[in-house]
Structures are given as C-alpha cells and as structure tokens.
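# A closer look at the structure
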Amino acid sequence: MTETFHEFVVHRTPALSRTAYLLTGDHQLAEDLVQAALARTYRHWRRIRGGDPEAYVRRVMYHQQISWWRRRRVAERLEAEPTDRTGADHTETTALRLTLTAALRQLTPRQRAVIVLRYYEDLTEAQVAEVLGCSVGTVKRHGHDAVRRLRLIAPDLVDGTPERSPR
Amino acid sequence: MTARLREALRVAADQVPGYPVYERALATARRSRRRRATAAVAALVLVVLAGVALPLAGTPAVDPATGARAALPDRIGLPPLGTRHASDRPALGPASVIFTGQAPRLQGWNEDGIVGVVSADADRYRIFSIGYEAPAGDQVLLSPDGRYVARPAGDSERPRVDVIDLATGGTRRLPSRVADSVLTTPVGWSPGGARLVVRDTVPVAFDGATYRSVLSIVTLDGERWSRLASGAQEASFGSVVAFSADRLAYQYGRTVAVTDLDGRELSSFALPVESWLAGKGAWTPDGRLTLATRRPGSTEWSLRQVDARTGSASGRLSLPAVSGVTAIRLLGWRPDSSALVVAYQPEPASPARFDQPLELDQRVAYGHVRSVRLLALTPGAAEPRTVTTAPEQVLAIDVADEVVQSGRVRDAEPPGGVGLRFWLWTGLVGVLVIGLAGYWSRGWRAERRERRRRFRPEPRRGG
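All of these numbers come straight from a predicted model, not from anything done at the bench. (Residues numbered from 1 in each chain as written. Chains lettered and ligands numbered in written order. Predicted model: local features only at pLDDT ≥ 70, side-chain atom pairs only at ≥ 80, totals over all residues.)

Moving on, we get to the overall build of chain A. Helix and strand content of chain A: 8 helices and 0 strands. For chain A, the succession of helices and strands along the chain, N to C, is α-α-α-α-α-α-α-α. Counting all 167 residues of chain A, 40% fall into the buried class. Within chain A, residue pairs in contact and separated by at least 24 positions form 60% of the contacts whose partners lie at least 6 positions apart. (Helix = DSSP H or I, 4+ residues; strand = E, 2+ residues; numbered from the N terminus. Buried ≥ 20, exposed ≤ 12 C-beta atoms within 10 Å, placed from the backbone. Contact = placed C-beta atoms within 7 Å.)

Now the structure itself:
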C-alpha cells in the first residue's frame, strides 16, 4: 500500500504543488497544504485508492485552504515582495507571475479557489460547485466578485467583460 | 476576456517545483493516527474510571457494630436527586427505615416505584427501583435486623422474590415454586430473618380472570418452601402477617389463623366488626395478639389485645387512641411498653369516607393517603406522641423490628442538595465533552503547533 501511495505522490506532487501555490500564493503555505492533504489521503488510502485519489487530494486542498482561513490559523501575510524561488530575472514572464501572485493575495480563499478551478483547472461552474461543496450560484458570485476585484487591482490580467462559462 | 488570466495562472504554476512532502506527509498521518488512538484509549480509560472505579474506590467494610447504634430517625426526607442505589459500593449496611410514595423523587421518570432506604445509624440514603407501585411494609419489607429488603420481582412467566442484602449490595433470588404462579409477593419476615412468608397469585380460569392466593413460608436459602394456606384471591390471604418466635398469625377475609412455623394451623378466630390484625407487630411479648379497631362512625383507631386461640378480649390496653387517620398499622413494641404505629393521614381530595366502613387495603391505598407518621402509643398517655414525620406524598413506610424494639430515636438531618450519582454523571458527561472537544480539535492543535514550529525565525529557503 505504501509503495502505491509513494508512486502516487511521486507522480502527482508536481501538479498538486502548482495548484497549491496558486491557492495560497506562498510556497511554504503551499507546501503545508500539500503535506496536510497527502497526510489525510494516506490515512484513507485504502478506501480511496480504487477511485480517483487525485480528485480527493484536490478537494481536500481546497477545503483545507478555506478552513485554515476561516479558523485564522494561517495569517494572511502581506509581504512587501512576494516569495521568489526562481531568482530575480525581470523578464515579462516574471512580471506577469508577480502581478498574479500579488493580485491573488487580494482575494478571499474561496474566490481564489474559484479562480484556480475555473481558469487553471478549466472546470465548469457546476464542477467547481461540486468540488467546493456549494451551489452553482455561489460559484458564480465568487467568480464574478473575484474577476471584478482582479480587474480593479490588476487590469492587465483581466480585460473585457467576463466570459460566460458552460455549465 | 480572461485569456490573460489563464495565461498568468499557467505561467505562475509552471515555475512551481514539486514540494518534497512525502516523508512529512507520512509522518503527519502516522502522528495523527497515534493521537487518535491515544485519545480513544484515554477516553475509554476515563469512562471506566469514572463509571466503575470511582464507586469502588475507598469501599470500607460495613461496620458490624452498626446494628448496635441503630435508631429511628425523627424525620425522613425525600432522597436527593442522584442518590446512590442500594447496590452501589460502598454498601449502605443495615437500614432503619424504608419508604415509598408518590412524591416525584419516589416515582422516577416513569412511575418506577422508587424505594427510599435510610441507614440504621445515620442519614445516609439509598434508593432502588421496583418498576411499579409497591408500598413499603406491604409488598416491600425490611428484615428484622434491617439488613435485607424483600421485594417482588421477575415477570408473570417466572415470578420470584428478590432479597437485597444492604450489607453487600448483592441480591438473592427466590423463584416461586408454586405451579402456574404469575406473581409472588413477600408479606412477612420471621423474627430471625431466616424465613419469609410469600403470597402467590395463581390463575384458576383459562382466561386468567379469576385467581386464587397461595400463602407459603420459605427459608431464605430457598431450600424449604412450605404451603400455609390457599383460597380465593378476594380473601386477601396474608393481607396482614405477624410472626412470633414460634408462631405465625395471618389474616384472610375476616378471619385470623395461627399456625406453627411449618404451617400447621393451631387456631383461628373471626374478627370483630371494624377490626383487623394490627400489623407485623401484632404479637405481644406475652403471646397475645393485637387488633386495630376503628370506633364506628369515626376515624378514631385504637389497639386492643385478644387471646391468640379464641380471639376473645384479653386484658385491657390503656393506650391512647389515634384520631383523624384512615388507618393505623402496628409495627411493634418498644421497651417502655409503647406501641409504634404507622398513622395514615387522609388525602383531603379523596372522595372516600374514612369514618365509614372501608376495607383496610383501600384505607392505605396511595390515592387515599396524604402522608404517614410514626406514632408512639404509650400506656397511660393522653395522646399519641409523634416519633417520626415524613414529607407529604411519602405514603408507606416500614421499620426494622430491631430498631422498633430498641426504642432509640435520633435527631435526623435528611440529606439535601444532590447525591453522589449526580456528580458522577455530571463528571462523566464533562469528561466526555472535554474528550470529544479535544478529539475534534486535535487536527487544529497539531497543525497550529506545526505551523509555529515551521514559522520560527530562521533563514527561509531561497529561490
């Protein structure tokens, strides 16, 4: 069982790490989030390994992130400069990444989760609602609020009217 | 639209390395499992400690000298909420008084028929449940030395009498040996406490609508079960039973029979109008029997003595009469030759007329009684003297013969507040709530500790 779990972690950690970083905007928080989600997955591995473990881990990560925020166990740490693990090469790509990171920090965890699920994971609003355990209307509202906020604080990231997504 | 946002998300994500969390995730999961298991074991241990070990802790042996200090309390109170049970450790030891009634704390949640037990020498109270209305002194009987309580038990398929040992908390079962019996009830103790008289109810019609009573005498070990008499249930065999050292008197219908301890009838006589065998203390020290008699047209009751063979008046008792009661019941005789009687105070709302003819079982029925008192009827005294009072809705009482015969009465201070079981349950619930709260918050606490550890000031990893 451990070996299978190990294989799962080896194969899926990079993708999970990327999602976690987008959710938290912080490498250490993201690492903690992946670690906590995998620990919980390991405890239930026997039950979920026959299904879709990655979906389970992602669902845990989304809920865990929102839960941490609710319990205020993780203080939103606004830093003068976002953590940069790749060195300071001030290219356009880096500038875009820094802009995104700073902008995402201005969103609530649920808004951030909707943005990541909708525009990074490419899920429909209905799928997002299922993952987050809320209604489609709630997803719409969070998505709308998030995009409107991003448009205010980072107009370069969002332009034009919000697109209408398929259900 | 959001194409730029999608691109930014992918750009940002592409530069995120895979975090090396495998070992730490396993360690976290295993630590979480250990904590969960530890919490479960700790909760189990606490439950065991609180529920079982605490009542057992510090169990002192029952003081054998308790009987020597036994005394009648001058008042009894209702058992506090959470009063310990008669079977709880440490055992109560011999009792002086048991009582029943219709006060809320004597009825439990579901009219369970709670019996209150008062220790022989102090105001320590215990209770036990019968499950239905069973008056003390009538169906629930305290043994002469106060150590045992006999009560009806079982069901119609297997009726029995249970004898509760207050010195150990244990119970001895005496299954009925009367064929087809559906109910067996204790009705009298022998003076030494070695025998019980029990009454069985046996259906004689197929539909069970007609019954007969069977009166038996049984040794406490259940080995010998001798039939005394039987007859129609309406005759109320053994409605009153009185033991002496070598004889037994019991009433059925309007007749009193006297037998030896093997059940051989020695004599019988008819009772005068408005007279009843006076109670379990009906035998006098000189071998006569005492009757309780109501003066016609009044609620005035008095005791008189009769010859045990013929029932004829024998000697004159100069005891004061008791007025304003539904009935009296003689418990026994005290060293100063006074009689200790239970006086049943009438329920004002009762429709019954107690100055008119009425059967004794109706006169002491719960619905007709407001409260009971123990009165001493002293020779030559003008009035009865109240020895023990009880709260309203305490409707039946029994006193150990040795306590009656000792004549000792003590100033009583019935317990107030709440009993030990209340605190045990409160503590147990508190422990469970704290345990559950700790269990539910375990993840939160563990992760907070982890975060504190991880966010200590230390050089951050560079990119």
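Glancing now at the overall build of chain B. In terms of helices and strands, chain B carries 6 helices and 25 strands. Burial analysis of chain B (463 residues in total) assigns 39% to the buried set. Taking all contacts inside chain B whose residues are at least 6 apart in sequence as the whole, residues at least 24 apart take part in 56%.

This brings us to the environment of A:Thr19. Residue and element names in this part refer to chain A. Note on placement: Thr19 falls in helix H1 (residues 2-24). Here the alpha-carbon distance between Thr19 and Tyr120, two residues 101 residues apart in the chain, equals 8.2 Å. Aside from chain neighbours lying at most four places away, what touches Thr19 is Arg58, Met61 and Val116.

Taking 1.5 Å per residue as the helical rise, helix H2 (residues 27-43) of chain A with its 17 residues ought to reach 24 Å, and the 24 Å between its terminal C-alpha atoms agrees with that figure. H2(A) sits mainly inside the fold: 15 of its 17 residues count as buried. (Expected span 1.5 Å × (residues − 1).)

Before going further, it helps to examine the sheet that holds strand S16 (residues 265-270) of chain B. Residues and elements named next belong to chain B. If you trace the 4 strands from one edge of the open sheet to the other, you get S13-S14-S15-S16, paired in antiparallel fashion. Looking at which strands have only one partner, the edges of the open sheet turn out to be strand S13 (241-243) and S16. Ignoring which end each strand starts from, the neighbouring axes of this sheet average 15 degrees apart. (Pairing = 2+ DSSP bridges. Axes fitted to C-alpha atoms, helices over the stretch in contact; angles between N-to-C directions.)

Moving on to the sheet that holds strand S17 (residues 275-277) of chain B. All names here are of chain B. Strand order in the open sheet formed by 3 strands is S17-S18-S19, with antiparallel pairing between adjacent strands. Each having just a single partner strand, S17 and strand S19 (301-306) make up the two edges of the open sheet. Sheet twist, expressed as the average angle between the axes of neighbouring strands with direction ignored, equals 35 degrees. Direction of pairing for S17 relative to strand S18 (residues 289-294): antiparallel, over a ladder of 3 bridges. Counted as the bridge partner of Trp276 is Ala292 from S18.

The subject of this paragraph is the environment of A:Leu132. Residue and element names in this part refer to chain A. The topology assignment puts Leu132 in helix H7 (residues 125-132). On the neighbour-count criterion, Leu132 (19 C-beta atoms within 10 Å) is partly exposed. Remark: the alpha-carbon pair of Leu132 and Arg110, spanning 22 residues in sequence, is separated by 8.6 Å. Excluding residues that lie within four positions of it along the chain, Leu132 makes contacts with Tyr62, Ala113 and Val139.

Residue and element names in this part refer to chain A. Helix H8 (residues 136-153) packs onto helix H6 (residues 109-119) with a crossing angle of 95 degrees between their chain directions and a minimal axis gap of 9 Å. As judged from the angle between their axes, H6 and H8 are roughly perpendicular. Of the residues in H8, those in contact with Arg110, Gln111, Val114, Ile115 and Arg118 of H6 are Val139, His142, Gly143, Asp145 and Ala146. Tallied by class, residues from the contact of H6 with H8 come to 4 nonpolar, 3 polar and 3 charged. (Parallel < 35°, antiparallel > 145°, perpendicular 65-115°, else oblique. Nonpolar A, V, L, I, M, F, W, Y, C, P; charged D, E, K, R; others polar.)

B:Ala95, B:Ile98, B:Val117, B:Ala249, B:Val341, B:Val372 and B:Ile397 are the most contacted members of the largest nonpolar core, which has 100 residues in total. The next biggest cluster of nonpolar side chains, apart from the first, holds 50 residues, and it includes A:Leu16, A:Tyr42, A:Leu107 and A:Val116. (Core = buried A, V, L, I, M, F, W, Y, C linked by C-beta atoms within 7 Å.)

Quick look at unusual backbone geometry now. Following B:Arg89, the chain continues into B:Pro90 via a peptide bond in cis, with omega recorded as -5 degrees. With respect to the secondary-structure elements, B:Pro90 resides in the loop between strand S1 (72-73) and strand S2 (95-101). Of note, the phi angle at A:Asp122 is positive, near 60 degrees, even though the residue is not glycine. Summarising the element assignment, A:Asp122 is placed in the loop between H6 and H7. In this structure A:Asp122 comes out as exposed when scored by C-beta crowding, with 10 C-beta atoms within 10 Å.

Quick look at the packing of H7(A) against H8(A) now. Two numbers describe a pair of packed helices, the interaxial angle and the distance between the axes. Residue and element names in this part refer to chain A. With their axes 8 Å apart at the nearest point, H7 and H8 run at an angle of 105 degrees to one another. If you check the angle between H7 and H8, you find them roughly perpendicular. Between H7, through Glu125, Ala126, Val128, Ala129 and Leu132, and H8, the contact on the second element is made entirely by Val136, Thr138, Val139 and Lys140. Per-class residue counts for the contact of H7 with H8 are 6 nonpolar, 1 polar and 2 charged.

With that out of the way, let us pick up the confidence of the model for chain B. All names here are of chain B. Of the residues in chain B, 90% reach a pLDDT of 70 or more, and the chain-wide mean stands at 86. In the model of chain B, helix H6 (residues 442-454) stands out as the element of lowest mean pLDDT, 66, in contrast to strand S5 (residues 141-142), which has the highest, 96. Here residues 56-65 is modelled with pLDDT under 50, and outside its nearest four sequence neighbours on either side it reaches 8 contacts, counting other chains as well. Here residues 458-463 is a poorly scored stretch, pLDDT under 50, and it has 4 contacts once near neighbours within four places are set aside; other chains count. Scoring of the predicted complex yields 0.62 for pTM and 0.78 for ipTM. (pLDDT = per-residue confidence, 0-100.)

This brings us to the pairing of strand S21 (residues 339-346) of chain B. All names here are of chain B. Within S21, 7 of the 8 residues are buried, leaving the element largely enclosed by the surrounding structure. In terms of strand pairing, strand S20 (residues 327-333) meets S21 through 6 bridges, oriented antiparallel. For Trp333, the partnering residue across the bridge sits in S21 and is Ala339. Here S21 runs beside strand S22 (residues 369-377); their pairing, made up of 8 bridges, is antiparallel. Its bridge partner lying in S22, Val342 is registered against Leu374.

The subject of this paragraph is the environment of B:Arg75. All names here are of chain B. Take Arg75: it is sitting in the loop between S1 and S2. Among the residues examined, Arg75 registers 17 C-beta atoms within 10 Å and is labelled partly exposed. Measuring from C-alpha to C-alpha, the distance between Arg75 and Val387 comes to 8.0 Å, with 312 residues separating the pair along the chain. Residues within four places of Arg75 in sequence aside, it is in contact with Thr388, Thr389, Ala412 and Pro414.

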